[in-house]
Amino acid sequence: MTAPDLILAGAKVRTLDAARPYATAVAVRDGVITAVGDESDVRDWRGPGTEVIPLAGAHLVPGLVDAHSHPVWGLDMATGVDLSGVTEIAGLRSALAGAERTDGWVLGYGLDHNVFGGRPVDRALVEDVLGNTPAFLRLYDGHSALADGAALAAAGVTGARAFTQRSQVVCDADGRPTGHLVEHAAMDLVVRVAPRPSYAARRERLVRLLTAMAATGLTGAHVMDAGDAELVGAVARETVLPVRLRFAPWCMPGAGEADLAELIAGQGRGGRHWVVDGVKFFMDGTVEGGTAWLEHADCHGQGTAAFWPDPRAYAAAVRRLHAAGVRTATHAIGDAAVRRVLDVVAGLGAGGRGRHRVEHIETVPDALLPRFAELGVTASMQPPHTAYTRADGTDEWSRRLGGARAGRAWRLRDLRDAGATVALGSDWPIAHYDVRAVLADARTPRGAASGRAGLTGLEALEGCTTHAARAAGEDGSAGRIAVGHRADLTVLGLDPVDAPPDELAEAPVRLTVTGGHVTHHGRP
């Protein structure tokens, strides 16, 4: 064979390839794996220009992939003061009083619904500490925000609005906006007038973020939005993207034939380490925001409507994209939303197998579990989200659903047992991007899901490798360490299959390789 560019030697290699499950050395050329073998093979492989990295017994696995993330759009979401550590109203008020101003605004993100202790989200709780400073605070779910009076005034929001998609400017009994903005169209009213980082700042933050992601062992991410093609393309031309990005632009309610044609035409656009491949839909919102589509109303009488006012239009859009060969991913958290997506895929016939996926799946009844495998629909789930709930059921998610539905939380184990492809992710910035935490939480789910068994160590690893590759239609080129597959590789100081979950969450990351490029080199 032609001499490789790179050889990783002396490793404990877990290939996830049935033809050769284990090895100790891997050779790479031009971003592709060219040989998988033993330490004794290295002398024969090596050429005059080959870089050899000794791994001294570290654990080499296929490159870890986050199957649901927002690393570009999330740059805007995660702007301002980090409120994720706030646990009650007094702490929120204190954080806002001392918050740094951004172009005269207070911006914040990561605010937990549980901070409000079951009370309505209302600007009256914080306005006095803000004075006349406009403030826009994103709640952690990414589907709702709190804006104060000055921000609402800047956006010209004085009362309720009608939207083509499921969104709401929440108002009190007198028609006064409370500042609670539910879903994207409502939040966008204020986003349009709020400060936004400059191009230079966003570029610098993107490179820094992707570098930090690679330092946790990530080699790729399924990006569930359109991102910013101009920004990503420019960065990719100037440097090597440390994490491979696969974008799925949104298709929102009201999309017509011209919109669908544009989404279809955009497929395949990309460059080195990034590509547009797929389309993202929303069938509902979130449990905490009252917008998850449920078979029966939540404890506030909410949750009985779909994100698409006419779900038949959603089905028509999926059929149109499917006929054009476009893969789809649909956000569906509630049981009614999940059922509807599965019904639509069933209507596509046998040609729908392996081409469509459901994102989140936070609560589903037994009857829906086998349908994922029967229809070939990927279950894309985010184990770190379980941390926003509590085992005793006192959190907003559990209270809204009630005991029976909360008892069906994040059924990772049950879906795997039913034969489903289960791809794992973080949904950054909703949860931290550290893929080691994704693996650990998949094995030991927290909060409302802590009473049920998680995945095995091998199943969790597959969720970020082989199952993530299957979800993207990349079975033949990614997810395993095999000749001809992409050279996306992760090296950890601990075995991700056998190490205890708490130790795995802090495992040393020795090396990350994306497309044959070393994107992170940790301490030996």
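Presented here is a report on the structure given in the accompanying data block.

Parameters and conventions
- Residues numbered from 1 in each chain as written.
- Predicted model: local features only at pLDDT ≥ 70, side-chain atom pairs only at ≥ 80, totals over all residues.
- Heavy atoms only, no water.
- Pairing = 2+ DSSP bridges.
- Helix = DSSP H or I, 4+ residues; strand = E, 2+ residues; numbered from the N terminus.
- Axes fitted to C-alpha atoms, helices over the stretch in contact; angles between N-to-C directions.
- Contact = heavy atoms within 4.5 Å.
- Core = buried A, V, L, I, M, F, W, Y, C linked by side-chain atoms within 4.5 Å.
- Buried < 20%, exposed > 50% of the residue type's maximum accessible area, 1.4 Å probe, protein only.
- Left-handed = near helix turned anticlockwise from the far one by under 90°.
- Nonpolar A, V, L, I, M, F, W, Y, C, P; charged D, E, K, R; others polar.
- Salt bridge = Lys/Arg side-chain N within 4 Å of Asp/Glu carboxyl O.
- Polar contact = N/O pair within 3.5 Å; in protein donor to acceptor, adjacent residues only side chain to side chain.
- Phe/Tyr/Trp six-rings, centres within 6.5 Å; stacked < 30°, edge-to-face > 60°.

Focus: the sheet that holds strand S17 (residues 279-282)
Taken together, five strands build an open sheet; the order of strands is S17-S18-S19-S20-S21 and the sheet is parallel. The open sheet terminates on both sides in strands that have one partner only, identified here as S17 and strand S21 (422-424). Across the sheet, the mean angle from the axis of one strand to that of its neighbour is 25°, orientation sign disregarded. As defined by bridge partners, strand S19 (residues 356-360) adjoins strand S20 (residues 378-381) across three bridges and the pair is classed as parallel. When the sheet's bridge partners are listed, Arg357 is paired in S20 with Thr378. Packing of helix H11 (residues 335-346) onto the sheet brings it into contact with strand S18 (328-332) and S19, and relative to S18 it is tilted by some 155°.

Remarks on the nonpolar core
By size, the foremost hydrophobic cluster in this structure holds 93 residues, and its most contacted members are Leu245, Phe281, Val338, Ile361, Phe372, Leu415 and Leu424. Setting aside residues no more than four positions away along its own chain, Ile361 makes contact with Ala332, Ile333, Val338, Phe372, Ala379, Ser380, Met381, Trp410 and Leu415. Core analysis: the next-biggest nonpolar cluster, separate from the first, contains 19 residues, Val36, Ile53, Ala58 and Ile481 among them.

Section: the sheet that holds strand S11 (residues 168-171)
As a general point, the strands of a sheet are linked pairwise by backbone hydrogen bonds and lie either parallel or antiparallel. Spatially, six strands are ordered S7-S8-S9-S10-S12-S11 in an open sheet, and the strand pairing comes out mixed. Lying at the two open borders of the sheet, with one neighbouring strand each, are strand S7 (81-82) and S11. Two elements, strand S10 (residues 144-147) and strand S12 (residues 177-182), share three bridges in a ladder whose sense is antiparallel. In the sheet register, Ser144 faces S12, and the bridge partner there is Val182.

Section: the packing of helix H9 (residues 257-265) against helix H10 (residues 311-323)
The description of two helices packed together rests on the angle between their axes and the distance between the axes. One can describe the packing of H9 onto H10 by two numbers: an axis separation of 10 Å at closest approach and a directional angle of 35°. Crossing angle aside, the handedness with which H9 passes H10 is right-handed. Contacts between H9 and H10 involve Glu257, Leu260, Leu263 and Ile264 from the former and Ala317, Arg320 and Leu321 from the latter. Here the residues of the contact of H9 with H10 are counted per class, giving five nonpolar, no polar and two charged.

Focus: the pattern of salt bridges
When charged atoms on two side chains of opposite charge get close, those side chains can pair. Counted under the stated rule, the structure contains 38 salt bridges. Put simply, Asp417 and Arg413 hold a salt bridge, and the shortest N to O gap is 2.9 Å. Here Asp417 pairs with Arg413, and both are found in helix H15 (residues 412-417), just four residues apart, close to one helical turn. A residue is classified by how much of its surface remains accessible, and Asp417, at 57% relative accessible area, is exposed. Salt-bridge contacts for Glu462 lead to Arg416; the nearest nitrogen and oxygen are separated by 3.0 Å. Here Glu462 is found in helix H17 (residues 457-463), whereas its partner Arg416 is found in helix H15, with 46 residues between them in sequence. The same class applies to Glu462 as to Arg416, namely buried. Salt bridges sharing partners connect three or more residues here, namely Arg244, Arg246, Asp277, Glu474, Arg486 and Asp488.

Quick look at the environment of His520
Mapped onto the secondary structure, His520 falls in strand S24 (residues 517-521). Setting aside anything within four residues of it in sequence, one finds His520 in contact with Ala214, Ala215, Val509, Arg510, Leu511 and Thr512. Polar contacts involving the side chain of His520 include one to the main-chain carbonyl oxygen of Val509, which spans 3.3 Å.

Focus on the packing of aromatic side chains
Using the criterion set out here, one finds 10 aromatic pairs in the structure. The interplanar angle of 85° and the centroid separation of 6.2 Å between the aromatic rings of Phe247 and Trp274 together place this pair among those described as edge-to-face. One end of the pair, Phe247, is in strand S14 (residues 244-247); the other, Trp274, is in strand S16 (residues 274-276), with 27 residues separating them in the sequence. With relative accessibility at 2%, the residue Phe247 sits in the buried group. Consider the rings of Trp250 and Phe282, whose centres lie 4.9 Å apart with planes at 90°: the pair is edge-to-face. With Trp250 in the loop between S14 and H9 and Phe282 in strand S17, this pair connects stretches of sequence that are 32 residues apart. Take Trp250: its relative accessible area is 23%, and that puts it in the partly exposed class. On the basis of relative accessibility, which here comes to 2%, the residue Phe282 falls in the buried class. Connected via pairs of aromatic rings, a cluster forms that spans Trp73, Trp250, Phe282 and Phe307.

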